[in-house]
Amino acid sequence: MTQSLSIFYAFLRRDFYNAWKTTKDIAFNWAILVPVMYVCMNGYIQPGVMLGKTSQLNMVMFIGSILLSVQVLSFKASIELLFDLLGDRFIDYQLTLLSPRLIIIERIFFATCYTFALLLPYYPMSKLLLGDLFNTQATSWPAVILVLTASAFLISAYNIFICCILNAPHELRKVWVRINNPLFMLGGFWAPWYVVMKASPILGYLSLANPFMYMSEGLRSAFLGTPDFFPVPLCVAVLLGLGCVFTFLALRQFKRRVDHI
Amino acid sequence: MNSWRIDARVFCALMKREWYTIVDTSKDSLIDGTVHLGVQFILIRFLFPTLGMPNSLIAPLFVGSIITILFIQGFTTTFNQVFDLQGPRVIDYYLTLPLRPAWLMGVYIARTMLSIAVTTLPFFFIGLPLLGSVLNLDLKIVTFSALYLLMLLCFSLWYTAAGFWYNLTWVLNNLWPRRIFFIFLFGCLILPWQAVYDFSPIIAYLFLWNPVTYMAEGLRASLLAVPAPIPIVASFGVTISSIGLGVIALKAGMRKRLDPVM
């Protein structure tokens, strides 16, 4: 057990070491550049043009914009598994040292930590730029961090599961266009759940099956503290629960793919 | 003349082969386009108006969303291009054919234009009739066709050029956030220029630095019965200039990646 844990730790260090080489670029892009652009568009221009200058709605529209960064960062941290499974299969060497279960858990843990760490500057950066338009008086920062952690975990487990089921890199495009894009665009990227429900109750009930909706609702609730959104504990519970489900599915699929015994 | 004839024959043979591939993958492209249309339709027709957006913005936003497809599908071109240059290098086989590089690039660009055009078909054949009553359509077929073809050409050129300019890691990590995202977000795709002007003239004038603004407004003017805030001539002018710059970028990219003697 101790030996497994030390190997687990060694693999984790390796992943962080490898990621470090490109982290500067990715951190600059997704923790600084993209938030700055979203602050300008989703936080200021778009709500101003579409809805008039209302501070609360500016925030409601802007908060969900983090969903794209969550998905992209976690995807970048997870995708190496797919390329490895289809190419060099470094994983075969890892399998001689650690059980498939622990390898997948290590990958999910790494992707979660990586995604979470790079997401941290997103909102402080936005606050810096938006100033009073981004009203954080009612914000519960521990709740924000809790929702972000749970979101990073769920998305990482989901992405690792996707890596375990795909058989070719070109299938990634289909996953992005047909699954990921609709999920985050309709999962509260712009419109919160009460708006979806008001627009179409059928769509509203369907949205309850969309994990992104719980991320955006949890964050809106943590930032604004109003009862218009799902409560944070519910969102965190759903995100963690779904994360566990995807972890289980990834474990099963990975074992089926690499371990014939 | 003889060389031109050989070029044309090889070009046609390659295009025939590409046509088969496009027909073969058209089902996938149409599904992608339909999914994209579905998402945009729900957002623009239902969610944004419920949030408080005036109904007058539905039509311009929907037309703008057609261009988002060009951005998304174009990126696939760059990815495939870069992947080929760093991996299997099928392009080396093409370069051995009796075909001048400019013609070869013609094949690449025509292929990209066709594959993007197929993906946008659901927007025209399903999206426009679905939103019919809200759109207030006034199709100027010649203007629309000409501008749309030029836009396809422009996007194909620039995305192919990007495939020659950058390596795979850079494309995966940086192309979208550092190059495309800015042009995409601040190009009047998700907001019509007139509405931005009413909100803030300074921001609206800044948007005029982006060529996509002219393309989006031109497409709106050619499809909808709304007054065009930007003259259609300007849309054509900027699109053609962007194509010219795209040709220069593509030439430089080819020189950089394929053959320094070329």
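What you see is a predicted model; the values in this text were computed from it and never measured.

Rules used in this analysis
Residues numbered from 1 in each chain as written. Chains lettered and ligands numbered in written order. Predicted model: local features only at pLDDT ≥ 70, side-chain atom pairs only at ≥ 80, totals over all residues. Helix = DSSP H or I, 4+ residues; strand = E, 2+ residues; numbered from the N terminus. Rg over C-alpha atoms; globule rule 2.2 N^0.38 Å. Buried ≥ 20, exposed ≤ 12 C-beta atoms within 10 Å, placed from the backbone. Contact = placed C-beta atoms within 7 Å. pLDDT = per-residue confidence, 0-100. Axes fitted to C-alpha atoms, helices over the stretch in contact; angles between N-to-C directions. Parallel < 35°, antiparallel > 145°, perpendicular 65-115°, else oblique. Left-handed = near helix turned anticlockwise from the far one by under 90°. Expected span 1.5 Å × (residues − 1). Nonpolar A, V, L, I, M, F, W, Y, C, P; charged D, E, K, R; others polar. Core = buried A, V, L, I, M, F, W, Y, C linked by C-beta atoms within 7 Å.

**Student:** Would you mind showing me how to read the overall build of chain A here?
**Tutor:** Scanning chain A from N- to C-terminus turns up twelve helices and zero strands. Each helix (α) and strand (β) of chain A, taken in turn from the N terminus, gives the series α-α-α-α-α-α-α-α-α-α-α-α. Its C-alpha atoms give chain A a radius of gyration of 19 Å, near enough to 18 Å, the size a compact globule of 261 residues would have. In terms of overall dimensions, chain A has C-alpha extents of about 60 × 40 × 35 Å along its principal axes. Classification of the 261 residues of chain A by burial places 46% in the buried group. Counted over contacts in chain A with a minimum sequence separation of 6, partners at least 24 positions apart contribute 82%.

**Student:** In this structure, what is going on with the confidence of the model for chain A? I would like to understand it.
**Tutor:** In low-pLDDT segments, the atomic positions of the prediction should not be examined closely. Residues at a pLDDT of 70 or more form 98% of chain A, whose mean pLDDT is 89. Predicted confidence in chain A is weakest over helix α2 (residues 55-63) of chain A, with a mean pLDDT of 82, and strongest over helix α7 (residues 141-165) of chain A, with 95.

**Student:** Honestly, the packing of helix α4 (residues 101-130) of chain B against helix α6 (residues 141-165) of chain B in this entry has me stumped. Any pointers?
**Tutor:** When two helices pack together, their arrangement is given by the angle between their axes and by how far apart the axes lie. Residue and element names in this part refer to chain B. Their axes nearest at 9 Å, the elements α4 and α6 cross at an angle of 120°. Overall, the two elements α4 and α6 adopt an arrangement that is oblique. For the crossing formed where α4 meets α6, the hand is right-handed. Taking contact as the criterion, the partners of M105, Y108, I109, T112, M113, I116 and A117 in α4 are, on α6, L152, L153, F155, S156, L157, Y159 and T160.

**Student:** Where do I start with helix α10 (residues 211-223) of chain B in this structure?
**Tutor:** Along an α-helix, residues three or four apart share an orientation, since each turn contains 3.6 residues. Residue and element names in this part refer to chain B. Counted at 1.5 Å a residue, the expected span for α10 with its 13 residues is 18 Å, and the 19 Å between its end C-alpha atoms agrees. Of all 13 residues that make up α10, twelve are buried, and the element is covered over most of its length. Among all positions of α10, only V212, T213, Y214, M215, A216, E217, G218, L219, R220, A221, S222 and L223 are buried. Packing partners of the buried residues in α10 comprise α2 (58-86), α6, α7 (168-185), α8 (193-199), α9 (201-207) and α11 (232-257).

**Student:** I'm lost on the interface of chain A and chain B in this one. Help?
**Tutor:** Interface extent is often summarised as the accessible area lost during association of the parts. Contacts between the two partners involve 30 residues from chain A, matched on the other side by 29 residues from chain B. Within the residue set of the side of chain A that touches chain B, elements represented by two or more residues are α1 (2-51), α8 (171-189) and α9 (193-199) of chain A. The dominant element in the side of chain A that touches chain B, judged by the number of residues it contributes, is α1 of chain A, at 15 residues. Across the side of chain A that touches chain B, the residue classes tally to 20 nonpolar, six polar and four charged.

**Student:** I keep staring at the nonpolar core and nothing clicks. Help me out?
**Tutor:** Formed by 154 residues in total, the largest nonpolar core has its most connected members in V147 and I160 of chain A together with V196 of chain B. When residues in this core are grouped by element, the largest group, 16 residues, is from α7 of chain A. Once you skip the residues sitting within four places of it in the chain, V196 of chain B turns out to touch I45 and V49 of chain A together with C188, L191, I203, A204 and F207 of chain B.

**Student:** Would you explain the packing of helix α5 (residues 100-119) of chain A against helix α12 (residues 232-258) of chain A in this entry?
**Tutor:** All names here are of chain A. Relative orientation of the contacting elements α5 and α12 amounts to 130°, with a least axis distance of 9 Å. Classified by the angle their axes make, α5 and α12 are oblique. Viewed along their axes, α5 and α12 form a crossing whose handedness is right-handed. Note on element contacts: α12 touches α5 through T247, A250, L251, F254, K255 and V258, opposite P100, R101, I104 and I108. Within the contact of α5 with α12, the residues separate by chemical class into seven nonpolar, one polar and two charged.

**Student:** Explain unusual backbone geometry here, please?
**Tutor:** Most peptide bonds are trans, and most residues other than glycine sit at a negative phi. Residues and elements named next belong to chain B. The backbone phi angle of N136 is positive, close to 55°, even though this residue is not glycine. Structurally, N136 is set in the loop between α5 (132-135) and α6. A positive phi is found at C188, a non-glycine position, where the angle reads about 55°. Within the element layout of this structure, C188 appears in the loop between α7 and α8.

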